[in-house]
Amino acid sequence: MIRWLIRRLWLGLVTVFCVYTLTFLMVIAVPGNPFQQGQHRVAAETEMALRARYHMDDNWLYYWEFLRGAARLDFGPTFMYADWTCNQIIGSALPVSVLIGILAMLTAVMIGVPLGVWAAQHKNTWIDISCLALVLVGISLPTFVTGTSLIVLFCVSWKLLPIGGWGGVSHLVLPVITLALPFTAYIARLTRSGMFDVLSQDFVRTAFAKGLAPRRVVWHHALKPALLPVVGYLGPATAQALTGSFVVEKVFGVPGIGQHFVNAALNRDAGLMLGAVLVFSTLLVLFNMLADAAYTLIDPRIRQAL
Amino acid sequence: MIRYFLITCTAVWLVAVLAFTCRPSEPPADLRYVNPSGIHTLDPARMSWTQDFRVALNIWEGLTTWDPNTLAPLPAASDQPPQVSADGSIYSFALRRNGRWSNGDPVTAVDFARGWRRAIEPGTAADYAFLITDHIRGAAEYVARRHQAVTALTALKRLADGWDLTPQRACDLTTSSLLLLLQTMGVHCPAANGDDEGSCRSVQECLTAAEVDWRALHERALRDHAASLDSMFAGVGIEVRGDWELVIHLTQPCPYLPDLLALPVFLPLHESIERLRVREGDVPLSPEGLVIYDPQWTKPDYHRADYPGLTTNGPYRLDSWVFKQRARMVVNAYHRGAGEISCRAVDMLVMENVSAALMAYEAGDVDFLPAMDVPYDHEIARLAQSGRRLDFHLCQVSATYFLNFNCVSDTVRGRINPFRDARVRKAFARSIDKRAIVEQVLRRGDRVAESFVPADVMPGYDPPNGLSSDAAEARRLLADAGYSDGSVTPTVDFLYLPADERVAQALARRWRETLGVRVELRSMESKTFAEDIADHRFMIARGNWYADYNDPTTYLNCLTTGNGNNDSGYANPEFDRLLMEANAAANPSTRMALLAKAERMIVQDDVPIWPLLHYALPVAIKPHVQGLHPNARLWFPFRHVTVRR
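Quantities reported herein were computed from a predicted structural model and do not represent experimental measurements. (Residues numbered from 1 in each chain as written. Chains lettered and ligands numbered in written order. Predicted model: local features only at pLDDT ≥ 70, side-chain atom pairs only at ≥ 80, totals over all residues.)

A. Focus on the overall build of chain B. Check the secondary structure of chain B and you find 20 helices and 21 strands. Relative to a compact globule of 645 residues, whose C-alpha radius of gyration would be 26 Å, chain B shows 28 Å and is just as compact. In chain B, which comprises 645 residues, the share counted as buried stands at 46%. (Helix = DSSP H or I, 4+ residues; strand = E, 2+ residues; numbered from the N terminus. Rg over C-alpha atoms; globule rule 2.2 N^0.38 Å. Buried ≥ 20, exposed ≤ 12 C-beta atoms within 10 Å, placed from the backbone.)

Below is the structure:
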C-alpha cells in the first residue's frame, strides 16, 4: 500500500509537470502581449525592462523561475489585475469554488445514489422510466439553461432568493443545485447500471435465498460492489466540481476560480494561467488518487492485488 | 460502511453551510450599483477604464472636478479658478487650506507633484501618462532620459546575472546609452546595425570579451542614476511653491487644462505610498531602473511596512475591497463636505453577467446600473425612448465608432492593399448607409456620426460634415482607381471584434451590392485583434475612440503621424502642421477654426477613417435614487445622491 502510494504520488508529480510544460508551450506560442492591457501602447523601453524584470524575455528562464516560485506556492504577479497577486486571486477564488464544489458533489451523491438504487430495484417500471427521464434531462441540459431557468423561477417570479452576489447562504442554493444536477444524473445512472449487474449475481441470489430482507440485501450486500463505477467517476468529477465551472460562475456571479482560467487566457496573463492550471491539475491528480484509494477500501480484491 | 459514508457526507454538508452562514455580514449600503467586470486597478496612474475612474474620482479629488450635469470643470482641491499667465502657458493653482486626507493629514501641493511624477515614471506610467508628457514642459524629456537609463540598466542587470548571450540578445541589449556607459569604462563596442546577424555577432563578441565586473558596474550605474533623479525632475514644469500653491508650466497654451486636471492621472498621492516603493538596497529603484511600488498599496487593509492602508482625499474613502466581489465606499469623515453627504455608504457589486445584474435591478437588489451591455440592448433603448421605462436613460456619450482603412501597407496577408489609394477609401466610405446601420441594424438609439468629433459636445467647436452617402459616386471613384471591372476588384479584408458581427455583416453586404467587391470577414478575439491592428494586418478594421477630455484634439491627435493610436497609419504633414498651429494659437476661435480645417482633411479629403456613429449607452437608475445625472462621460459622483426608499 505504501509503495503503491509513493508510486502514485511520483506519477502524479510527473503528470502535473507535463501539464505545466504543455501549458507553458501554449502560453508562449499564442500571440498577444500581456503588458498591453489598455487602449494606448506601453513604451518599448519600459516593456523591455518589465519583460526583464519578470524574466519574460527569456522563455527558458521564465519556465524555471515560475516553477521555482510555484514550488514555494508563489505564482507571482498578474498583469490584468495589477493590484493583486496570482496567489491572492487564486486564494480568494479557490475556497469559493471548493465550497460550492463540495456541496454540489455531496448533494449529487446523496441524491444520485439512492435514486439509482431505487430505479434498479424497480427495473422497467414507471419508477425506473421516470428516473431515467430525469437523468436524461440532467445530463443533456447545459448548465447555463438550468441556471438561468432557476434564476427566473426562484428569483424573478417567486422572489425567494437573491440574484447573484456572494455572502449569504441564500447565494449558495442555486449555484449548488445547478452544478449538482449533471453530477447527480451521472451518479444515478452509474449506480443504476452497477446495481443491475450486481443484483443478477449469485451471491445476491444466495442472500435472498437465505431469507434476508430485500432492503438489507440491496443496501448492505449489493450496494458496495455496485458503487465501484461511481467511485471511479467521483475522483475526476470532484476535481472538476472543485475547480469551478465558468458557466455557473458567470450565470450566478459567483467569484470562483473558473472565470480566471478563461479570463487569464483571454488576457494572456501568463502567471495566472499557469498558476490556475497547476492548481487544477494538482487537484485532478489528487482526487483521482483518492478515488483509487477508495476502491481499495470498498473492494478487497483490489486491496489484495496491491 | 456506506451508511457511515452517507452520514459523514450529510455532516460535512451541514458544517459547510453553517460555517458559511455564520460569517459576519455587513449592513446594506445606502446605494448599491453594479460594475460588471469589477475594478481592474485602483492605481490612478495606471487606470484606463471608465468604471475604475468612477471609483477613483469618488474616493480621490483632483485640482478640479466636473459638474455632473454640464461636465464643465469646477474647482475641487483648489478652491478658486487658476491664475493663467498672459500667454496661456503657466497655470497657478491655489490649494484649499481645508483639504484633508482620509487620515486627517492636510492635502498639499507636494502630494500632487508626487502623484504626477509617479504617473510618468517608467514602470508605472500607463495609458494616460501622455496627458502629462504631452502638456507639461520638460516631462517628455525627463521620460526620454529615464528610458535611456532604464534600457542601459536592464542590459547591465542581464549581463550581471550572467545571461547566456546570443547575437540577437546582444543586439537587443546594446543601446546607445549602454555603449556610452561602457566607453566611460574604456570598453569600446561597435553599435549594432539593426538586426544584421554579422554586426550582432561582433557586438556579442565584444561584450563577452570585455573585462568588466558587470555586477559592480550595474550597482554603480544604478546608484548614480538614482542620485541624479531629483535634479533631472527639476526640469519638469511642475513647480511646488510652499504647501498651498502648485504652478504648472505648459509646453504650449492648453485652454482645456482645467478639464484635464480632473482625470485620475492627475490625482494627488499620500506620502505613505513611498513606504511601499520597491528598492534595490537603499536605492529607490528596481534593478532595471524602474519606479515600481508594491501593487497592494491600493488596498484599504494592507499594512506591510507600517503602511496605513489606502489613504485618499475624496468625499469617500475605500472601506473594503474584495477581489471580483464587491467594494464599499464610505464617507471620508475628514472631507470638508462630509456633513452634507446624504448617501453615507456605497456598495459596488461585481456581476459579470449583465442580464443577471438587470434581473437583480428589477428585483430591487440593486439601485443603479451604469452599464447595460446586453444582447437585447435595442429593447432597452426602445423602452427608454418610448418613455415606458422612465428609469432607463440613454447617455449620449462623447465617443465615435468608426472604420480604419489601412493607409500604409502595400500588401495585407499576401494580397495587394487597395486602400493606400484615397479614392478607394472614399468609395468604400461613401457607399455606406450610416442611417441604416444606426436605425435598422443596431437600433440602440446611437447618433449617426457625420464627423469624427461629435457635434454639440465641445464648446466652441463646429465639426465639418463628412462626405455624403452616394452609391453612384462611390462606384465612379472605384472605377477611377482602376477597379471598374468586377473581376479586377480585389477581395477586401475586414477585421473586427465578435461584438461587431451585425455591423460587419451589414457593411459586407452593402459593399457587395453597391461596389461588387467580395469582403472577407475576420472576427477576432480582442488580444489577437490588437496584435493584427498593431502590425497593420488588415485592410478595413473597426475602431472606436472615447474622448479623454473635452477638446477636439482628444480625437484628432489620434491621427497625427506616428501616434500610438493611429491604427490606420495615416501620415499627412499638412494635417500635423494644422494641429501644431492650432495648439500654438492664442485666440480660441482661431484655434477651433484650424482644428475644424484639420478635421475636414480627415472626413472629406483623405478619409483614413470613416466615422459611423456616436454611442448612446443605456443606464438604469431607480426612481428612489436622486442626484445621478446621465451624462456624456458616464461620470456619477455619489456625494450629491439622496436615496429615499
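B. Up close: the overall build of chain A. When helices and strands are counted, chain A shows 14 helices and zero strands. The linear arrangement of helices and strands in chain A, starting from the amino end, is α-α-α-α-α-α-α-α-α-α-α-α-α-α. Looking at chain A as a whole, 43% of its 306 residues are labelled buried. Restricting to contacts in chain A with at least 6 residues of sequence separation, those with at least 24 account for 72%. (Contact = placed C-beta atoms within 7 Å.)

C. Seen up close, the pairing of strand β8 (residues 316-322) of chain B. Residues and elements named next belong to chain B. Sheet analysis places β8 next to strand β9 (residues 326-331), joined by six bridges and oriented antiparallel. Its bridge partner being in β9, leucine 318 is matched across the sheet by methionine 329. Between β8 and β9, which pair antiparallel in sequence order, lie three residues; one of them, lysine 324, sits at a positive phi of approximately 60°. (Pairing = 2+ DSSP bridges.)

D. Examining the interface of chain B and chain A more closely. Contacts between chain B and chain A engage 59 residues on the former and 50 residues on the latter. Of all the elements in the fold, those that place two or more residues in the side of chain B that touches chain A are α1 (2-21), α5 (139-160), α11 (354-362) and α17 (526-534) of chain B. Looking at which element gives the most residues to the side of chain B that touches chain A, the answer is α1(B), with 10 residues. Here the side of chain B that touches chain A is built from residues that sort into 27 nonpolar, 19 polar and 13 charged. (Nonpolar A, V, L, I, M, F, W, Y, C, P; charged D, E, K, R; others polar.)

E. The arrangement of the confidence of the model for chain B in detail. The share of residues in chain B with pLDDT of 70 or more is 97%, and the mean pLDDT across the chain is 90. Interface predicted TM-score (ipTM) for the complex: 0.81; the corresponding pTM is 0.87. (pLDDT = per-residue confidence, 0-100.)

F. Layout of the domain arrangement of chain B. Domain boundaries in chain B define domain 1 (1-59 + 314-367 + 633-645), domain 2 (139-233) and domain 3 (394-617). For domain 1 of chain B and domain 3 of chain B, the distance between their C-alpha centroids amounts to 39 Å. (Domains from an automatic or database assignment.)

G. Summary view of helix α15 (residues 471-480) of chain B. Residues and elements named next belong to chain B. When α15 is considered as a whole, its buried residues turn out to be Ala474, Leu477 and Leu478. Down the axis of α15, the smallest arc covering the buried residues is 100°, so these residues share one side. The first or second residue beyond α15 is glycine 482, which carries a positive phi of 100°. (Arc of directions from axis to C-beta.)

H. Geometry of the environment of Asp576(B). With respect to the helices and strands, the residue Asp576(B) is situated in helix α19 (residues 573-584). Note: C-alpha distance between Asp576(B) and Ala598(B) (22 residues apart in sequence) is 8.3 Å.

I. Region of the structure containing the sheet that holds strand β5 (residues 90-94) of chain B. Residues and elements named next belong to chain B. A sheet is described by the order of its strands in space; here four strands give the open sequence β4-β5-β7-β6, paired in antiparallel fashion. Looking at the sheet topology across the chains shown, the edges are occupied by β4 (83-84) and β6 (238-241). Relative to strand β7 (residues 245-249), β5 runs antiparallel, the two sharing five bridges. Along β7, the bridge assignment pairs alanine 94 with glutamate 245. The strands touched by helix α3 (residues 109-120) are β6 and β7; relative to β6, the strand with the most contacts, the crossing angle is about 160°. (Axes fitted to C-alpha atoms, helices over the stretch in contact; angles between N-to-C directions.)

J. The arrangement of the packing of helix α4 (residues 86-121) of chain A against helix α10 (residues 228-242) of chain A in detail. All names here are of chain A. Contact pair α4 / α10: the axes reach a minimum separation of 8 Å and the direction vectors enclose 150°. Judged on the interaxial angle alone, α10 and α4 are roughly antiparallel. In the packing of α4 onto α10, the handedness of the crossing is right-handed. For the pair α4 and α10, contact is made by Ser97, Val98, Gly101, Ile102, Ala104, Met105 and Val113 and by Val230, Ala237, Thr238, Ala241 and Leu242, respectively. (Parallel < 35°, antiparallel > 145°, perpendicular 65-115°, else oblique. Left-handed = near helix turned anticlockwise from the far one by under 90°.)

K. A look at the packing of helix α6 (residues 143-157) of chain A against helix α7 (residues 170-199) of chain A. Residue and element names in this part refer to chain A. Contact pair α6 / α7: the axes reach a minimum separation of 9 Å and the direction vectors enclose 145°. Judged by the twist between their axes, the crossing of α6 over α7 is right-handed. Side by side, α6 and α7 meet where Thr143, Thr146, Gly147, Leu150, Ile151 and Phe154 of the first sit next to Leu174, Ile177, Thr178 and Leu181 of the second. By residue class, the composition of the contact of α6 with α7 is six nonpolar, four polar and no charged.

L. Molecular detail of the nonpolar core. The biggest cluster of nonpolar side chains holds 266 residues, and the ones touching the most others in it are Ala104(A), Leu31(B) and Leu369(B). Among the elements that line this core, the one with the most residues is α4(A), at 19 residues. Filtering out sequence-adjacent residues up to four positions away, Ala104(A) remains in contact with Val176(A), Leu179(A), Ala180(A), Phe183(A) and Ala241(A). (Core = buried A, V, L, I, M, F, W, Y, C linked by C-beta atoms within 7 Å.)

M. Highlighting the environment of Arg413(B). All names here are of chain B. As for its position among the elements, arginine 413 is in the loop between β13 (411-412) and β14 (415-416). For arginine 413, a count of 13 C-beta atoms within 10 Å translates into the label partly exposed. Discounting residues that sit within four places of it in the chain, arginine 413 has contacts with Asp493 and Arg537.

N. Helix α12 (residues 258-266) of chain A, seen in detail. All names here are of chain A. Of all the positions in α12, only Gly258, Gln259, His260, Asn263, Ala264 and Ala265 are classed as buried. Buried residues along α12 sit against α4, α11 (246-252) and α13 (270-298). Downstream of α12 by a residue or two, arginine 268 has a phi angle that is positive, lying close to 55°.

O. View of unusual backbone geometry. Residue Lys324(B) is not a glycine yet carries a positive backbone phi of 60°. Position of Lys324(B) relative to the elements: it lies in the loop between β8 and β9.

P. Broad picture of the pairing of strand β16 (residues 491-496) of chain B. Counted residue by residue, β16(B) has five buried out of six residues, so it is predominantly covered. Crossover handedness for the path β16(B) to helix α16 (residues 501-515) of chain B to strand β17 (residues 518-523) of chain B: right-handed. (Right-handed = clockwise from strand over helix to strand, strands pointing away.)

Q. A look at the environment of Leu617(B). All names here are of chain B. As for its placement among the helices and strands, leucine 617 is situated in strand β19 (residues 609-621). By C-beta crowding, leucine 617 is classed as buried, having 24 other C-beta atoms within 10 Å. The spatial distance from the C-alpha of leucine 617 to the C-alpha of histidine 378 is 11 Å, given a sequence separation of 239 residues. If near-sequence neighbours (up to four positions away) are discounted, leucine 617 is found in contact with Cys395, Val397 and Leu634.

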